[in-house]
Amino acid sequence: MKIYLRILAFAMLLLLLSTLQSCSEDVQRSMKAIPTAFGQLNEIVIVMDDELWESPVGDTIRYYYSSAYPLLPQPEPVFDLRHFTPLELKKDPLRKELRTYMLVGNLSDEDSPTAQMIRKDIGEEMSESARGDITKNNAAGRDKWAKGQLLLYQFAYSNQDLIKVLKENYPAIKKRVNKFDEKKLESYAYLNGVNNNLINEVKESIGISIRMPSDYFMAINDGEVIWMRKETDKTSSNIMLRKVKYEDQEQLSKENLIAMRDSLGKKYVSSTIEDTYMQVNDEDLPVIFNTTKVNGNYAVEGRGVWEIVNDFMGGSFISYLILNPNKGELLFVDGFLHAPGEDKRDFMEQLDYIIHTIKFQ
């Protein structure tokens, strides 16, 4: 009986091994734990053939997606790009576990590994519909190789059309990637939670709700200005708030926004050297001015660089004048950064994210 049971157990083991070996690659993959995607903020992995990457198609991608982030003392790209071919993805499994991918291909090239990958992912019906209609030239997917992935597909049937597709789709793609990055941006900004004492003090002082991270502290609250700061060994992040009465549309001008910022900079911000103060430097770089909305409220926005007069200090700023229609008031908000020797893009995005939590009570 013991010999019989051993033979039976051995036979069942052989059967199990045979079954596992006969499983398709897809079935075996489904039995594995699905990894969670990792990667940096504002990073896009470009998946395309080397020949296309080194052609005007690749130049177009670099021109738009590596353009300068507005507006920093030293140029930094809007997105950090990494390029892999499908073969390079296959060679290193970790390359398939990043967060954001953009697959770009010329579908007329039947021998192209990237075009084959795109066709397989989006299906033949969508692939063929793009042949006669250039507006049907993009698609999106999620979680192809790992949880928490965004995949963007851009394709056409000629390199010339592909370049046109990349140009026309850039604003929408940029917006979609920025939206996808919001959760990661929030986790960076609020790594250690929120500062409820600071939030309550701002609310009680000027009737404004703003979600302040735990590592900010109150530097000044004198009845005219609220100045909150975060200090580290490498960076100084700052947010200033001031309420003024709204009288006419001219207050919402570029000139008035700069004048308000300069007046606060002269009164409140200086270095350790005597007779120093902060002002907008619109000679080396222009101030970019736009109309926008902050939490649904009409606002104007200015981006530029600041400097300390009579000292060698400077950095980036983003300022808003936000209209509170219920009280006939304007809220001036300024976020500015001092981070010598550091990349500044992601820090400025964190400041802007915090500012966009503002709500009027």
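Residues numbered from 1 in each chain as written. Predicted model: local features only at pLDDT ≥ 70, side-chain atom pairs only at ≥ 80, totals over all residues. Heavy atoms only, no water.

Colleague: Would you take a moment to explain the sheet that holds strand 5 (residues 150–156) for this structure?
Modeller: Strand pairing in a sheet is mediated by backbone hydrogen bonds. Such pairs are either parallel or antiparallel. Ordered in space as 2-1-3-5-4, the 5 strands form an open sheet in which the pairing is mixed. Of all strands in the sheet, those bounded by a partner on one side alone are strand 2 (80–84) and strand 4 (138–142). Here the strands of the sheet are splayed against their neighbours by 25 degrees on average, with no regard to which way each runs. Where strand 3 (residues 100–106) lies against strand 5, 7 bridges are found, and the strand directions are parallel. (Pairing = 2+ DSSP bridges. Helix = DSSP H or I, 4+ residues; strand = E, 2+ residues; numbered from the N terminus. Axes fitted to C-alpha atoms, helices over the stretch in contact; angles between N-to-C directions.)

Colleague: In this structure, what is going on with unusual backbone geometry? I would like to understand it.
Modeller: Trans peptide bonds make up the majority, and among non-glycine residues the majority have a negative phi. Along the chain, P70 connects to L71 via a cis peptide bond; the corresponding omega equals -5 degrees. When you line up the elements, L71 lands in the loop between helix 4 (56–65) and strand 2. A positive phi angle is found at N42, which is not glycine, with a value near 60 degrees. Within the secondary structure layout, N42 lies in the loop between helix 2 (25–31) and strand 1 (43–47). Within the chain, D275 stands out as a residue other than glycine whose phi angle is a positive 60 degrees. Tracing the sequence through the fold places D275 in the loop between helix 11 (254–268) and strand 10 (277–280).

Colleague: How should I be thinking about the packing of helix 9 (residues 182–189) against helix 12 (residues 345–355) in this particular structure?
Modeller: For any two helices packed against each other, one specifies the inter-axial angle together with the distance between the axes. Closest axis-to-axis distance for the helix 9/helix 12 pair is 10 Å, and the angle between their directions is 95 degrees. It follows from the interaxial angle that helix 9 and helix 12 lie roughly perpendicular. Facing helix 9, whose interface residues are E182, L185, E186, Y188 and A189, helix 12 presents E349, Q350 and Y353. Here the residues of the contact of helix 9 with helix 12 sort into 4 nonpolar, 1 polar and 3 charged. (Parallel < 35°, antiparallel > 145°, perpendicular 65-115°, else oblique. Contact = heavy atoms within 4.5 Å. Nonpolar A, V, L, I, M, F, W, Y, C, P; charged D, E, K, R; others polar.)

Colleague: For this particular structure, what's the right way to read a negative patch on the surface?
Modeller: Residues D50, E51, E54, D109, E110 and D111 make up a contiguous surface patch of negative charge. By secondary structure assignment, the location of E51 is in helix 3 (residues 50–53). Classification of E51 by relative accessible area gives exposed; the value is 63%. (Patch = residues over 30% accessible without salt bridge, like charges linked within 9 Å, V, L, I, M, F, W, Y side chains within 5 Å. Areas by Shrake-Rupley, 256 points an atom, 1.4 Å probe, with all protein chains shown as cover. Salt bridge = Lys/Arg side-chain N within 4 Å of Asp/Glu carboxyl O. Lys, Arg positive; Asp, Glu negative; His and termini not counted. Charge placed at Lys NZ, Arg CZ, Asp CG, Glu CD. Buried < 20%, exposed > 50% of the residue type's maximum accessible area, 1.4 Å probe, protein only.)

Colleague: How do you make sense of the pattern of salt bridges when you look at a structure like this?
Modeller: The full count for this structure, using the stated rule, is 20 salt bridges. Across the pair R99 and D181 runs a salt bridge, and its minimum N-O distance is 2.8 Å. In this pair, R99 is assigned in the loop between helix 5 (86–91) and strand 3 and D181 in the loop between helix 8 (159–180) and helix 9, connecting sequence segments 82 residues apart. Considered together, R99 and D181 belong to a single accessibility category, that of buried residues. Measuring nitrogen to oxygen at the nearest pair gives 2.8 Å for the salt bridge that ties K144 to D121. Taken together, the positions of K144 in the loop between strand 4 and strand 5 and D121 in helix 6 (residues 113–122) put the pair 23 residues apart, joining distant regions of the chain. According to the relative accessible area criterion, D121 is partly exposed, its value standing at 28%. One network of salt bridges, with partners in common, ties together R119, E124, E128 and R131.

Colleague: Sorry if this is basic, but what is going on with the pairing of strand 9 (residues 236–245) here?
Modeller: The side chains of a regular strand alternate, residue by residue, between the two faces of the sheet. In terms of residue burial, strand 9 counts as a mostly covered element, since 7 of its 10 residues are buried. Of the strand pairs in this sheet, strand 8 (residues 226–231) and strand 9 are connected by 6 bridges, and their pairing is antiparallel. Residue pairing for strand 9: E231 is matched across the bridge by S236. In this structure, the hairpin formed by strand 8 and strand 9 is closed by a connection of 4 residues. Of the strand pairs in this sheet, strand 9 and strand 14 (residues 329–338) are connected by 10 bridges, and their pairing is antiparallel. When the sheet's bridge partners are listed, S237 is paired in strand 14 with L337.

Colleague: So what exactly am I meant to see when it comes to helix 6 here?
Modeller: Along an α-helix, residues three or four apart share an orientation, since each turn contains 3.6 residues. All of the buried residues in helix 6 are T114, A115, M117, I118, R119 and I122. Of the surrounding elements, those touching the buried residues of helix 6 are strand 1, helix 5, strand 3, helix 7 (124–132), strand 4 and strand 5. Of the residues trailing helix 6, G123 is marked for its positive phi of about 95 degrees.

Colleague: For this particular structure, what's the right way to read the side chain of E349?
Modeller: Tracing the chain through its elements places E349 in helix 12. Buried charge without a partner: E349 forms no salt bridge, and the closest opposite charge is R345, 5.3 Å away. In this structure, E349 is in contact with L41, N42, Y69 and L185, ignoring residues within four places of it in sequence.

Colleague: Explain the environment of H338 here, please?
Modeller: Locating H338 in the fold gives a position in strand 14. For H338, a relative accessible area of 22% translates into the label partly exposed. With 100 residues separating them along the chain, H338 and N238 place their C-alpha atoms 8.6 Å apart. If we ignore the near neighbours within four places in the chain, the residues touching H338 are K234, T235, S236, W306, M313 and G314.

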